[in-house]
Structures are given as structure tokens and as C-alpha cells.
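Structural features, examined
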Amino acid sequence: MDYSVIADSYEKIEATTKRLEMTDYLVDLLSKTPKEVFSKVVYLTQGKLYPDFMGVEMGVAEKLAIRALARASGQSESAILADLQRSGDIGETSEKLLAKRKQSTFFSVKLTVERVYETLDKLAKTQGSGAVDTKLALLSGLLSDATPKEAKWLIRTVTGNLRLGIADMTVLDALAIAYGGGKDARELIERAYNISSDLGRVASVVCEKGLDGIKKFQVMVFEPIRPMLAERLGAPEEILEKFGGKCIAEYKYDGERVQAHKKNGKVVLFSRRLENISDQYPDAVDLIREQVAANEAILEAECVAVDLETGDMRPFQELMHRRRKYGVEAAIEQYPISLFTFDALYVDGKDLTQEAFPLRRKSLEKIIKQSDRIKPATQKLITNPKALEDFFEEAIEEGCEGLMCKSVGKDSVYQAGSRGWLWIKYKRDYRSEMTDTVDLVVVGAFHGRGKRVGTYGALLLATYNEENDTFETVTKCGTGFTDKDLATLRDMMQKHVIPRKNSRVQSMLEADVWFEPAVVLEILGAEITLSPIHMAAMDSIRKGSGLAIRFPRFTGKYRTDKAPEDATTSKEIVEMYRGQLKKIGESTQP
Ligand code: ATP
């Protein structure tokens with residue numbers, strides 16, 4: 001397959017901001033893609049070579065890209081830099097400069113998708129001494145044979161600046177249209193994705209085996225399952241009512257979510273974002289290897305910092321010390337952890353995701369060899385509000401955040417990749433006004449003045465709208481940032497700056513700087529109000545109004561464990577708004 005087919009599609013996709021049109025162009029591209037390269041094309045359109053959980057990055061720094069471009073175009077590095085300063089986009093600069101190439105490309109070979117993929121794959125895997133030279137040779141080789149337009153997309157791909165705005169959900173839509181039609185097909189394909197987190201594998205199964213293949217799609221050890229998430233409610237009565245009067249309540253531990261995969265003695269731990277975090281928790285790896293009595297298993301647990309002497313749980317922040325490349329050994333000593341397992345998704349050849357929760361829990365209990373360091377989450381069957389409240393107090397007393405209430409009905413399956421009412425969280429904070437925190441996506445910024453010149457004065461923050469796959473502004477936040485935070489943020493956001501508003505961002509405000517949605521911050525607000533200028537949940541409470549968070553303050557927590565799509569959703573803001581109204585109503589009653 002010619003790479004120019006991909007480049008042409010990207011041009012069209014880039015030119016539209018409408019999701020439906022984007023999907024149509026993607027369907028068109030997929031229909032032109034032969035099955036041998038199907039998964040490769042899917043990965044490439046997302047700027048990847050493999051699914052995220054494999055952790056393979058192309059990792060070409062801009063400097064290296066400039067050198068490769070210099071070689072291929074015959075221009076000097078300083079000329080390239082000068083043009084880059086003007087355009088702000090290395091893709092555009094590549095296209096322009098390669099078009100000026102003196103030597104004709106008469107002898108060059110047409111670029112194929114196969115060659116591009118294989119070369120990029122080699123490039124990603126080249127390490128050690130001499131790596132830079134090898135990478136340079138690989139990249140300039142490709143660029144020499146590329147047309148200017150192809151070069152633009154190649155460079156954007158390798159430098160991580162593809163920014164087509166094609167979300168996973170758009171790819172799933174396109175696959176369903178291209179191969180199955182209808183809504184049923186979409187659901188089946190999405191489920192396959194939710195239990196594998198691998199769009200490429202899903203795509204090639206759809207392409208080669210059709211919907212029958214997708215129906216037989218299986219959970220596989222070492223392929224992370226997208227996590228099931230909880231809704232939230234603020235009162236025991238409401239929770240029990242949702243569950244028809246009966247539920248299991250579990251301690252809601254305050255640590256880091258870990259999905260543990262084990263097979264033949266090998267263990268891999270995935271984070272909530274499905275990144276491989278085994279290196280951060282070698283002690284947890286050992287616990288799973290030694291104290292899970294199954295040859296193959298996929299389990300979920302909360303990994304909690306603990307004081308080994310007293311057995312007390314420690315604050316979540318202590319786990320941050322594990323997020324380092326070097327010195328993990330020392331951090332293990334200083335900040336030990338325990339695992340509280342709360343679900344079993346797969347055990348010795350059996351996929352449990354479609355089983356009801358009580359059965360999954362039984363399987364979990366069967367395989368955990370309990371000790372102080374690993375045990376199933378403490379739980380209780382609850383049938384009345386008073387018991388729920390008492391158990392909640394007990395959980396808080398033990399150092400937990402509150403309770404996770406879970407359905408015990410026949411339909412209490414593991415809903416991979418979705419937030420639903422089968423799990424409901426109950427935390428103390430929800431009981432008063434809006435003192436609960438939310439996790440918001442940074443989509444824009446306003447320049448700082450006075451003391452903050454050179455850094456950001458305020459950030460434009462957004463919630464995630466799952467239905468439209470968009471990010472909707474909900475507040476402007478300039479409070480709670482220390483000088484160090486401001487410097488960190490400036491550096492952190494630099495690589496996400498884009499020249500225009502991202503097509504997935506919904507905003508009426510004009511920010512000074514726009515970012516692609518990437519960074520999630522924890523924010524504490526005072527209240528939620530109707531707003532004519534913010535877009536969160538627009539029209540859902542009142543026509544022409546969105547919702548806004550008032551008096552926001554950054555809590556200091558960078559939610560690096562969350563992808564932008566994991567941020568607080570607009571729907572959740574609506575629920576919090578409604579909950580808050582009810583509370584105000586109650587307290588003003590005589
Ligand atoms: P969410 O994960 O729902 O988007 P969040 O990351 O802000 O939100 P919380 O709202 O505090 O986290 O609650 C969900 C998290 O609680 C889970 O992702 C999991 O890490 C943790 N947790 C702790 N104990 C349990 C338990 N017994 N069952 C399920 N999850 C638990």
C-alpha cells in the first residue's frame with residue numbers, strides 16, 4: 001500500500017473539525033487498506049506503532065528531526081530552524097523545504113506503508129551507543145524518498161505531533177461502519193476493544209474474520225482490560241435505592257489502582273491508564289507471583305502505602321515516591337505497600353468478566369493466599385442505610401476514603417471501559433457542598449501579568465463529554481499554584497501547545513494559548529453554577545446555559561494516572577450540580 005494514500009487521507013481529516021466527516025474519511029481510508037497492513041494503518045493514524053500498554057515510543061526529538069530533514073532536503077539546519085520559528089509546525093516546514101529540493105526525486109522509490117512502518121519500528125527500537133546516528137540514517141532515508149506531503153506527515157508522526165484528533169472511539173465507529181454496519185456491530189467491536197485495549201488487534205480481527213471473529217474475541221493475559229468505573233452518590237438511602245435495597249459495600253482504599261496479570265510466574269502490573277508500572281512496584285510483583293495461587297490470572301487491586309510497623313494505611317501521596325527511574329529500591333524500603341484485591345477478571349483459562357460480582361469475588365478469595373501484605377478488600381453485605389453509614393464510618397476510621405458499593409444482581413458483570421451504576425462510590429466529601437475534587441483537563445491558558453509574567457496567569461479547564469467525545473470548558477483557574485507549579489506547568493504544557501483550538505475542545509472563551517487535551521489536574525471548587533460562557537453540559541439544565549465551577553483551586557495533585565478521557569465528565573458535573581441543589585434545598589427547609 002502506498003503511503004501517499006495515508007497522507008492524502010490525513011490531509012482531508014486535518015481540514016475538518018466535524019467528527020462525522022472525520023469518520024467518513026477514516027472509513028474511506030480503511031476500505032482502501034489491504035488486510036496485511038490493516039492493524040499497522042490503524043496504529044499509524046493514532047501516531048503509534050503498537051498499543052499504548054506496550055510502551056514503545058518513536059521518541060524522535062525535534063533536534064534529530066531537523067538534522068534528518070537537513071540531510072534529505074539539502075538545506076542547512078539554521079535555515080530549517082528559521083522556517084520552523086515562523087511556522088511553529090515541523091510538519092509544515094518539512095513540506096515546504098522538501099518542495100524546494102534541488103535534486104529531482106526522479107530516482108526515488110515510492111514509499112509504501114510497509115516500509116514506513118518497518119523503518120519507524122526499527123527507529124523506535126534502536127538504543128544504546130550509536131543510536132542517534134542510526135536513527136538519523138533511518139529517518140533521512142525515508143524523507144529522501146518522500147514527497148513533500150508525505151514528509152509532512154512522516155515528521156509529524158515521528159515527533160509525536162500528528163494531532164489529527166482521531167480518538168479511539170472514532171476508530172471504533174469507522175470499523176463498525178466499514179465492516180459491520182449497525183449498532184450491534186459497534187457494541188461488539190467496542191467490547192473487544194474494552195477487553196484488550198488494542199485497537200490494532202481488534203481492527204485486524206474485524207477485517208480478517210468479520211463480526212463472527214469479534215464475537216469470539218477473548219481476554220488475554222498481558223493485554224490490559226480497560227477499567228470499570230463507578231458513579232457517585234451522596235446518601236446511603238439513594239445508593240440502596242439504586243441497588244434495589246441490597247448491595248455489597250467495600251472499603252474504598254486510597255492508593256493506586258493496579259491491574260495485575262500473571263502467567264507462568266511472569267507478572268505485569270498495569271496502571272489505571274494501562275501503562276506498565278511493574279518497575280515501580282517490584283514488591284507488588286513478588287506478592288502477586290508468590291501469593292496468587294493460579295497459573296494464569298488477571299486481578300485488580302488497590303496498591304496502598306502502609307506503615308509496616310503499625311499496619312496503618314498511609315496517604316496516597318507517598319506512592320508518588322515510587323514514580324522514579326532510579327532509586328526505586330530505596331523507595332521500596334521507605335514507602336512500603338500492601339495490595340487490597342477487589343476483583344478477579346480471569347483465572348486459569350476462564351474469562352470472568354461476564355460473570356456476576358459475587359462469583360468473581362469467590363474466585364478471588366479462592367486464589368489469594370492472604371497475609372498482611374495482600375488480601376481481598378474488606379466487604380459487607382448491606383441491606384439498610386444505617387448499616388451502610390456505620391460501615392462507612394468504620395472505613396474512614398481505618399484510613400479509607402469511603403466505600404465502593406457494588407451490585408450483587410445477576411447482571412453485575414465487569415463493565416470494562418465504562419462508568420456505570422453497578423458500582424457507586426460514597427465518599428465523605430460528597431455530603432457537604434461542593435467540597436469534593438474534580439479532575440479537569442487543561443485545554444488553554446491566559447498569559448500571566450505582574451508577578452506571573454512569563455508563566456500562565458490562569459488555565460482554561462474542561463470536563464470530558466463522553467457522548468460527543470469532546471472537552472467542554474467548565475472553569476478558569478488561577479489559584480492554588482505555587483511558583484514551582486507555575487514553572488512545572490510551563491514546561492509540562494510546552495509540548496502540548498497547538499496553534500488553534502483543538503477540534504475536540506468546546507469553548508466560547510478565546511484563550512491566549514491553546515493546548516491539545518493531555519494534562520489532567522485535580523481541582524477543588526466551591527460550587528457549581530449555571531453559566532452562559534462555559535460549555536460543560538450545555539443546555540442540559542437550562543437552554544443556553546452550561547455549568548461552571550466557581551472559586552476553583554488547584555490541589556497540587558497532577559493526575560498523571562489519568563488520560564484526558566478519564567477526567568470528570570460533564571455528566572458527572574450535572575449530577576453534582578443536582579446533588580448540590582438538593583442539599584441547599586434541604587438545609588434551607590424549616
Ligand atoms: P475514577 O477512577 O472513578 O475515574 P478517581 O480515579 O478519581 O475516579 P475515585 O473516584 O476516588 O477515583 O474512585 C475510583 C477508584 O477507587 C478506583 O479506580 C480504584 O482505584 C479505587 N478503589 C479503592 N478501593 C476499591 C474497591 N474496593 N473497589 C473498586 N475500586 C476501588
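Residues numbered from 1 in each chain as written. Predicted model: local features only at pLDDT ≥ 70, side-chain atom pairs only at ≥ 80, totals over all residues. Heavy atoms only, no water.

Some thoughts on the overall build of the protein
When helices and strands are tallied, the protein shows 19 helices and 21 strands. Here the C-alpha radius of gyration of the protein, 25 Å, is about what a compact globule of 590 residues would show, namely 25 Å. Within the protein, buried positions represent 55% of all 590 residues. Looking at the protein alone, contacts between residues at least 24 apart form 72% of all its contacts between residues at least 6 apart. Summed over its atoms, the accessible surface of the protein is roughly 26600 Å², and 49% of this surface lies on carbon and sulfur atoms. Between the averaged position of the 86 positive side-chain charges in the protein and that of its 89 negative side-chain charges there is a distance of 3 Å. (Helix = DSSP H or I, 4+ residues; strand = E, 2+ residues; numbered from the N terminus. Rg over C-alpha atoms; globule rule 2.2 N^0.38 Å. Buried < 20%, exposed > 50% of the residue type's maximum accessible area, 1.4 Å probe, protein only. Contact = heavy atoms within 4.5 Å. Areas by Shrake-Rupley, 256 points an atom, 1.4 Å probe, with all protein chains shown as cover. Lys, Arg positive; Asp, Glu negative; His and termini not counted. Charge placed at Lys NZ, Arg CZ, Asp CG, Glu CD.)

Quick look at the site of the ligand
Every one of the 19 residues lining the ligand counts as a neighbour, but E250, K252, R272, E302 and K425 are closest to it. In the environment of the ligand, a nitrogen atom lies 2.8 Å from a nitrogen or oxygen atom belonging to the side chain of E250. Interatomic distance of 3.0 Å between a side-chain N/O atom of R257 and an oxygen atom of the ligand. Surface burial for the ligand is 92%, taken as the share of its 600 Å² of free accessible area covered by protein chains. Residue assignment for the shell around the ligand shows that the elements contributing at least two residues are β2 (247-252), β10 (402-406) and β11 (419-427). Per-element accounting of the shell around the ligand gives the leading share, four residues, to β11. (Near = heavy atom within 4 Å. Polar contact = N/O pair within 3.5 Å; in protein donor to acceptor, adjacent residues only side chain to side chain.)

Remarks on the domain arrangement of the protein
Examined at the domain level, the protein breaks down into domain 1 (3-158), domain 2 (229-431) and domain 3 (438-583). If you average the C-alpha positions of domain 2 and of domain 3, the two centres end up 29 Å apart. At the interface, 13 residues of domain 2 touch 14 residues of domain 3. In total, about 1300 Å² of surface goes out of reach between domain 2 and domain 3, with carbon and sulfur atoms giving 38% of it. Together, R232, R272 and R273 form the three largest contributors to the area buried by domain 2 at its contact with domain 3, with a combined 44%. Taken together, domain 2 and domain 3 are joined by four salt bridges. In this structure, R419 and E572 form a salt bridge, with 3.8 Å as the shortest nitrogen-oxygen distance. Linking domain 2 with domain 3 are four residue pairs in polar contact (both at pLDDT 80 or more), by the criterion used here. (Domains from an automatic or database assignment. Buried area = accessible area lost by both parts, 1.4 Å probe. Salt bridge = Lys/Arg side-chain N within 4 Å of Asp/Glu carboxyl O.)

Looking at a negative patch on the surface
On the surface, a cluster of negative charge is made up of D312, E394, E397 and E398. By the element assignment, D312 lies in the loop between β5 (296-305) and α15 (328-334). (Patch = residues over 30% accessible without salt bridge, like charges linked within 9 Å, V, L, I, M, F, W, Y side chains within 5 Å.)

A word on the packing of aromatic side chains
In this description, a pair of aromatic rings is defined by centroid distance and the angle of the planes. By the definition in use, this model includes 14 aromatic pairs. Ring centres of F38 and Y179 lie 5.7 Å apart, and the angle between their planes is 90 degrees; this geometry places the pair in the edge-to-face category. Of this pair, F38 sits in helix α3 (residues 38-45) while Y179 sits in helix α10 (residues 168-179); the two residues are 141 residues apart in sequence, bridging distant segments of the chain. Residue class for F38 comes out buried when judged on its relative accessible area of 0%. (Phe/Tyr/Trp six-rings, centres within 6.5 Å; stacked < 30°, edge-to-face > 60°.)

Side note on the pattern of salt bridges
Following the criterion strictly, the structure yields 48 salt bridges and no others. Between E14 and R156 there is a salt bridge whose closest N-O contact spans 2.9 Å. Residue E14 is found in helix α1 (residues 3-15), and its partner R156 is found in helix α9 (residues 148-158); the two are separated by 142 residues along the sequence. Under the relative-accessibility criterion, R156 is labelled buried at 8%.

Looking at unusual backbone geometry
The backbone of R163 shows a phi angle near 45 degrees, a positive value even though the residue is not glycine. Take R163: its relative accessible area is 30%, and that puts it in the partly exposed class. In this structure, N264 takes a positive phi of about 45 degrees despite not being glycine. On the secondary structure map, N264 appears in the loop between β3 (256-263) and β4 (266-270).

Side note on the nonpolar core
If you look at the biggest cluster of nonpolar residues, it comprises 109 residues, and the most contacted ones within it are I6, L143, V202 and L403. Excluding its chain neighbours within four sequence positions, the residues that come into contact with L403 are A249, E250, Y251, K252, L388, F391, F392, A395, I424, K425 and Y426. Core analysis: the next-biggest nonpolar cluster, separate from the first, contains 29 residues, Y456, V519, A536 and Y558 among them. (Core = buried A, V, L, I, M, F, W, Y, C linked by side-chain atoms within 4.5 Å.)

A short note on the side chain of D89
Here D89 is to be found in the loop between α5 (77-87) and α6 (90-99). Since its relative accessible area comes to 14%, D89 is described here as buried. One polar contact links the side chain of D89 to the main-chain amide nitrogen of G91, over a distance of 2.8 Å. Leaving out residues up to four positions away in the same chain, D89 has contacts with L84 and R156.

Here's the deal with the packing of helix α7 (residues 113-125) against helix α8 (residues 131-145)
Interhelical geometry of α7 versus α8 gives an angle of 160 degrees and a closest axis separation of 9 Å. If you check the angle between α7 and α8, you find them roughly antiparallel. The crossing of α7 and α8 is left-handed. Taken together, the residues of α8 that come into contact with α7 (itself represented by R115, V116, T119, L120, K122 and L123) are K135, L138, L139, G141, L142 and D145. Across the contact of α7 with α8, the residue classes tally to six nonpolar, two polar and four charged. (Axes fitted to C-alpha atoms, helices over the stretch in contact; angles between N-to-C directions. Parallel < 35°, antiparallel > 145°, perpendicular 65-115°, else oblique. Left-handed = near helix turned anticlockwise from the far one by under 90°. Nonpolar A, V, L, I, M, F, W, Y, C, P; charged D, E, K, R; others polar.)

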